[in-house]
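Okay, here's what each chain looks like letter by letter:
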Amino acid sequence: MTQAEYHSYRFDSKSEPSDEQLGQLMENAAEKVRESNRESNKQFFAELRRASEEAKKRGTTHTDML
């Protein structure tokens with residue numbers, strides 16, 4: 001399936017995708033999910049580091065938070 005075919009494909013009730021088309025659609029969707037997860041992880045750990053550094057500057061320890 002070419003990129004043009006991929007971007008123009010639409011599911012409808014009159015026809016079903018071929019196995020090749022469905023596989024390509026699923027692989028593209030999975031790649032988007034993996035990319036999104038990588039970005040989310042980067043943001044999460046950046047925020048965790050920021051919060052940790054902020055807590056260190058305040059002199060807050062883990063037991064202080066309990």
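Because the structure is predicted, anything quoted here is derived from the model rather than measured. (Residues numbered from 1 in each chain as written. Predicted model: local features only at pLDDT ≥ 70, side-chain atom pairs only at ≥ 80, totals over all residues. Heavy atoms only, no water.)

J.: Just to check I follow, could you spell out the packing of aromatic side chains for this structure?
T.: In this description, a pair of aromatic rings is defined by centroid distance and the angle of the planes. One pass over the full model with this rule turns up 1 aromatic pair. Measuring from ring centre to ring centre gives 5.0 Å for F44 and F45, while their planes differ by 80°; the resulting arrangement is edge-to-face. A residue is classified by how much of its surface remains accessible, and F44, at 48% relative accessible area, is partly exposed. When its relative accessible area of 41% is taken as the criterion, F45 is described as partly exposed. (Phe/Tyr/Trp six-rings, centres within 6.5 Å; stacked < 30°, edge-to-face > 60°. Buried < 20%, exposed > 50% of the residue type's maximum accessible area, 1.4 Å probe, protein only.)

J.: Hey, could you run me through the confidence of the model for the protein chain in this one?
T.: Interpretation of this model should avoid reading the predicted coordinates in detail wherever pLDDT is low. When pLDDT is averaged along the protein chain, the result is 85; 85% of the residues meet or exceed 70. Highest mean pLDDT in the protein chain belongs to helix α2 (residues 19–58) (94); lowest belongs to helix α3 (residues 62–65) (59). (pLDDT = per-residue confidence, 0-100. Helix = DSSP H or I, 4+ residues; strand = E, 2+ residues; numbered from the N terminus.)

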